[in-house]
Amino acid sequence: MRTPVLAHTLFCMILIVLLPLSVLAQSPFNLTAAEQDWLKSHPKIKIGMMNAWPPLNFVDKAGQPQGIGVDYVAVLNKRLNNAIELVPGPFKQNQDKVQNRQLDGLMDITQRPDREPFYIFTRPYMVIPHLIVGRKGDDYFKTEADLSGKTIALEKGFHNVTHFRTKFPLVAIREYDSTSAA
């Protein structure tokens, strides 16, 4: 459900989307009075991030959030008095927390029609191409259809599992708990 709180929270994430990291670090913020008031009344903005999706977002061996998205938030936080608190966790868990109002927003979620009733989306701060990775010296897979009769590794809970099951039923899928495990 769209709410004013979520809309204002996502205002901060829009800044990440619109500005390259180097520009974000240097350019002044010109927040409206309403935006400044909203930030004063919301000193902590909890944003869910994936805990195992390197190099985008992940938790290192010391338990600290790391990654490209985390770097954007760190620069943004310098300008927002550390208002954004990143909450690492599995994607599905964080998605549920946003829908149950335990988190204010979610990083790195793909816009799809089935999600539009629940979220307000910004423009992507980066585009991640989907590709097929195979063993060196083995068969070359130019298209998804070339995977028919083969087994692929995918992370549980992501749309690509549904995509392959519906559009390429001859591809066997082995699901894993994380991208790195897959």
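Structure first, text after, so check above.
Every chain is numbered on its own, with residues counted from 1 as its sequence reads. At least 70 in pLDDT is required for a residue's local features to be given in this predicted model, at least 80 for side-chain atom pairs to be given and counted, and no such filter applies to totals for whole chains, interfaces and linings, which use all residues. Each side-chain value is derived from all of the structure's non-hydrogen atoms; neither hydrogens nor water enter the calculation.

Chemist: Can you tell me about the side chain of Q95, naming the residues and giving the values?
Modeler: Under the scheme used here, helices are H or I runs from DSSP no shorter than 4 residues and strands are E runs no shorter than 2 residues, and both carry numbers assigned from the N terminus. Among the secondary structure elements, Q95 is positioned in helix 5 (residues 91-99). Under the relative-accessibility criterion, Q95 is labelled buried at 11%. Beyond its immediate chain neighbours, meaning those up to four positions away, Q95 contacts L106, I109, R115 and Y119. Any residue under 20% of the maximum accessible area for its type is buried, any over 50% is exposed, and the rest in between are partly exposed; the area is computed with a 1.4 Å probe on protein chains only. Here, two residues are considered to be in contact whenever any of their heavy atoms come within 4.5 Å of each other.

Chemist: Which residues make up the sheet that holds strand 3 (residues 57-59), and what values go with them?
Modeler: If you walk across this open sheet you meet the three strands as 2-3-4, and the pairing is antiparallel. What marks the edges here is a single partner per strand, and that holds for strand 2 (52-53) and strand 4 (65-66). In this sheet, strand 3 lies alongside strand 2 in antiparallel orientation, the contact comprising two bridges. Its bridge partner being in strand 3, W53 is matched across the sheet by N57. Only when DSSP finds a minimum of two bridges between them are two strands counted as paired.

Chemist: Any details on the packing of aromatic side chains? Residues and values, ideally.
Modeler: Each pair of aromatic rings taken from Phe, Tyr and Trp, with Trp reduced to its six-membered ring, is defined by centres within 6.5 Å and is described as stacked if the planes are under 30 degrees apart, edge-to-face if over 60, and tilted in the remaining cases. Inspection of every chain in the model, using the stated rule, returns three aromatic pairs. Ring centres of F164 and F168 lie 5.7 Å apart, and the angle between their planes is 45°; this geometry places the pair in the tilted category. Overall, the relative accessible area of 8% leaves F164 in the buried class.

Chemist: Which residues make up the pattern of salt bridges, and what values go with them?
Modeler: Here, a salt bridge means any Lys or Arg side-chain nitrogen found within 4 Å of an Asp or Glu carboxyl oxygen. Within the structure shown, the criterion is met by six salt bridges. Between K150 and D139 there is a salt bridge, with the nearest N and O atoms lying 3.1 Å from each other. Highlighted residues: K150 in the loop between strand 6 (105-106) and strand 7 (151-155) and D139 in the loop between strand 6 and strand 7, separated in sequence by eleven residues. Relative accessible area serves as the criterion here: at 32%, K150 is assigned to the partly exposed category.

Chemist: Residue-level account of the sheet that holds strand 1 (residues 45-50), with values.
Modeler: An order of 5-1-6 is seen for the three strands of this open sheet, with the pairing classed as parallel. Sheet topology places strand 5 (84-89) and strand 6 at the edges, where each strand pairs with a single neighbour. Where strand 1 lies against strand 6, two bridges are found, and the strand directions are parallel. Within strand 6, the position partnered with G48 by the bridge is L106.

Chemist: So, the nonpolar core: which residues are in play, and what are the values?
Modeler: Counting residues in each nonpolar core, the largest one holds 29 residues, and the members touching the most others are L80, I84, L86 and M107. Mapped onto this core, the elements with two or more residues apiece are helix 3 (33-41), strand 1, helix 4 (68-79), strand 5 and helix 5. Listed in part, the nine residues of the second largest apolar core include F141, L147, F168 and I173. Take the buried Ala, Val, Leu, Ile, Met, Phe, Trp, Tyr and Cys residues and link them wherever side-chain atoms come within 4.5 Å; each set so joined is a nonpolar core.

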